[in-house]
Amino acid sequence: MTPASQLDATFTALADPTRRAILARLALGEASVTELAQPFAMSQPAISKHLKMLERAGLISRGRDAQRRPCRLEAQPLAEANDWLERYRQLWEANFQRLDALLDEMKAQAKAVTDKNQGKNQGE
Amino acid sequence: MTTTADLTVTTPSDREILMTRLFDAPRELVFEAMYRPELLKRWLNGPPGWSLAQCEVDLTIGGAFRHVWRGPEGAEMGMGGIFREIVRPERIVRTELFDQDWTGGEALATLVLTERAGKTELALTVLYASQAARDGALQSGMKDGVAASYDQLDTLFAAQQAA
């Protein structure tokens, strides 16, 4: 998968609350389909469908043990998705820090006008 | 000195990006800073090395806005749209489309300002035409900028270590 389509697959997989809950559970350690299905009011086939999607997105892998096929979390694609969000956040945070400074200036100006209108002479 | 509240970025659905952040100012002032061109030019500069060079805003329903950012070596990035909803000083809904259209169609941006005890929470939701468009938005426009900002960080860390 290209980085872009990997990211698409990751975000698609993360868009569903059941799949997010499954990932949260797997963050604690590997689990079988039966164990994963337990907390949800869902059939095993329904859970299996979610697991297939998570597996295709590379977010989980399944063990070879034919009986149990335990699922485990694959951390790398999640870390990459998180990385993109973090970069986006940093870009906007830089904008917003400039906005903080501007708002401080605007507040000071508004206060100066109010003080002047009230004829007060407030030395700080 | 203003205490900056952390900006959070989340993806509430597969077509949306939501940003929330707290500002230490009444919302009338934050609202003004969101649409007056002379104020926008002071903060909405984008990645390091870029600045908001051109900014026209007609804040009326059906009115247009247009922003053009200028970057290194004369690079330009333009974006514009139409205002759909305006509730002063709490809400602006507008369409957004980049000239290069790397988001595969128009996006819809909803800005909500909520005031609490003299501080203002900003919530900006952008709804993209598709999931691919949303993911593209998360990735584009910042490849160069991110590299530049990492360089600045490196310089800063180097300076701190030398001090």
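The structure presented is a predicted model; accordingly, all values stated were derived computationally and were not measured.

Chemist: What is the right way to look at the overall build of chain A in this model?
Modeler: Secondary structure assignment for chain A yields five helices and two strands. Secondary structure of chain A in N-to-C order comes out as α-α-α-α-β-β-α. Among the 124 residues that make up chain A, the fraction classed as buried is 23%. Long-range contacts, defined here as pairs at least 24 residues apart, represent 51% of the contacts in chain A between residues at least 6 apart.

Chemist: Can you walk me through the pairing of strand β2 (residues 16-23) of chain B in this structure?
Modeler: Taken residue by residue, a regular strand's side chains alternate between the two faces of the sheet. Residue and element names in this part refer to chain B. Relative to β2, strand β1 (residues 8-10) is paired through three bridges, and the arrangement is antiparallel. From the neighbouring strand, T10 faces β2, where its bridge partner is L18. Hairpin connection between β1 and β2: a loop of five residues separates the two successive antiparallel strands. Direction of pairing for β2 relative to strand β8 (residues 119-127): antiparallel, over a ladder of eight bridges.

Chemist: Would you take a moment to explain the packing of helix α2 (residues 17-26) of chain A against helix α4 (residues 44-56) of chain A for this structure?
Modeler: Helix-helix packing is characterised by the crossing angle of the two axes and by the distance between the axes. All names here are of chain A. Following both chains from N to C, one finds α2 and α4 inclined at 75 degrees, their axes separated by 10 Å at the closest point. Judged by the inter-axis angle, α2 sits roughly perpendicular to α4. In contact with T18, R19 and I22 of α2, α4 contributes H50, M53 and L54. Residue classes in the contact of α2 with α4 are distributed as three nonpolar, two polar and one charged.

Chemist: Help me out: how do you make sense of the UniProt feature "coiled-coil region" (unreviewed entry) in chain A in this one?
Modeler: Mapped onto this numbering, the UniProt entry annotates "coiled-coil region" (unreviewed entry) at residues 89-116 of chain A. Structurally, residues 89-116 of chain A comprises 100% helix and 0% strand, and the distance from its first C-alpha atom to its last is 40 Å.

Chemist: Help me understand the sheet that holds strand β7 (residues 107-116) of chain B in this model?
Modeler: Note on sheets: strands pair through backbone hydrogen bonds, and any given pair is parallel or antiparallel. Residue and element names in this part refer to chain B. Strand order in this open sheet of eight strands is β1-β2-β8-β7-β6-β5-β4-β3, and the pairing throughout is antiparallel. Since the sheet does not close on itself, it has two edges, and those belong to β1 and β3 (51-57), each with one partner. Strand-to-strand, the axes of this sheet are offset by a mean angle of 20 degrees, without reference to chain direction. Of the pairings in the sheet, the one linking strand β5 (residues 76-87) to strand β6 (residues 91-98) comprises six bridges and is antiparallel in character.

Chemist: Sorry if this is basic, but what is going on with the environment of F23 of chain B here?
Modeler: Structurally, the position occupied by F23 of chain B is in strand β2. Discounting chain neighbours no more than four positions away, the residues touching F23 of chain B are L99, D100 and L103 of chain A together with V30, K119, T120 and L122 of chain B.

Chemist: Teacher, can you tell me more about the packing of helix α5 (residues 75-117) of chain A against helix α1 (residues 27-35) of chain B here?
Modeler: Direction vectors running N to C along α5 of chain A and α1 of chain B enclose 125 degrees, while the axes themselves pass 10 Å from each other. When the axes of α5 of chain A and α1 of chain B are compared, the pair comes out oblique. In terms of crossing hand, the pair formed by α5 of chain A and α1 of chain B is right-handed. Here α5 of chain A contributes L99, L102, L103, M106, K107 and A110 of chain A to the contact with α1 of chain B, which in turn contributes L29, V30 and A33 of chain B. In the contact of α5 of chain A with α1 of chain B, the residues fall into eight nonpolar, no polar and one charged.

Chemist: Honestly, the interface of chain B and chain A in this entry has me stumped. Any pointers?
Modeler: Interface size is commonly expressed as the accessible area that is lost once the parts come together. Each partner contributes to the interface: chain B provides 29 residues, whereas chain A provides 27 residues. For the side of chain B that touches chain A, the secondary-structure elements that each account for two or more residues are β2, α1, α2 (37-43), α3 (131-139) and α4 (143-162) of chain B. Examining the composition of the side of chain B that touches chain A, we find that five residues originate from one element, α3 of chain B, more than from any other. Residue composition of the side of chain B that touches chain A, grouped by class: 16 nonpolar, nine polar and four charged.

Chemist: Got a minute to help me understand the pairing of β3 of chain B in this structure?
Modeler: All names here are of chain B. Bridge count between β3 and strand β4 (residues 64-70): six bridges; the pairing is antiparallel. Each residue of the ladder has a partner; that of C55, found in β4, is H67. Hairpin geometry of β3 and β4 is characterised by an intervening segment of six residues between the two adjacent antiparallel strands and by a positive phi of about 85 degrees at G62.

Chemist: Would you take a moment to explain the nonpolar core for this structure?
Modeler: Nonpolar side chains in soluble globular proteins generally cluster together in the buried interior. L103 of chain A together with F23 and V30 of chain B are the most contacted members of the largest nonpolar core, which totals 24 residues. Mapped onto this core, the elements with two or more residues apiece are α5 of chain A together with β2, α1, β7 and α3 of chain B. The element best represented in this core is α5 of chain A, accounting for seven residues. Beyond its immediate stretch of four places on either side in the chain, L103 of chain A contacts F23, A25, L29, V30 and A33 of chain B. Within the second largest apolar cluster, 14 residues are counted, among which are L36, A37, L51 and A57 of chain A.

Conventions adopted
Within any chain, residue numbers begin from 1 and follow the written order of that chain's sequence. Chains carry letters from A onward and ligands carry numbers from 1 onward, assigned in written order. Thresholds applied to this predicted model are a pLDDT of at least 70 for local features of residues and 80 or more for the giving and counting of side-chain atom pairs; totals over whole chains, interfaces and linings are not thresholded and use all residues. A run of DSSP states H or I qualifies as a helix once it reaches four residues; a run of E qualifies as a strand once it reaches two. Both are numbered from the N-terminal end. Residues with at least 20 neighbouring C-beta atoms inside 10 Å of their own are called buried, those with 12 or fewer are called exposed, and the rest are partly exposed, where every C-beta is derived from the backbone. Remark: residues whose backbone-derived C-beta atoms lie within 7 Å of one another are considered to be in contact. The criterion for strand pairing is that DSSP finds at least two bridges linking the strands in question. Fitted lines through C-alpha atoms give the axes, limited to the stretch in contact for helices. The angle between two N-to-C directions lies from 0 to 180 degrees. By the definition adopted for this analysis, an angle is roughly parallel if under 35 degrees, roughly antiparallel if over 145, roughly perpendicular if from 65 to 115, and oblique otherwise. Polar here means any residue other than Ala, Val, Leu, Ile, Met, Phe, Trp, Tyr, Cys and Pro, which are nonpolar, and Asp, Glu, Lys and Arg, which are charged; Gly is therefore polar. UniProt positions are given in the numbering used here, feature names are shortened, and annotations may be inferred rather than shown by experiment. Put simply, a crossing is left-handed when the front helix is turned counterclockwise from the back one by less than a right angle, and right-handed when it is turned clockwise. Think of a nonpolar core as buried Ala, Val, Leu, Ile, Met, Phe, Trp, Tyr and Cys residues chained together by C-beta atoms that fall within 7 Å.

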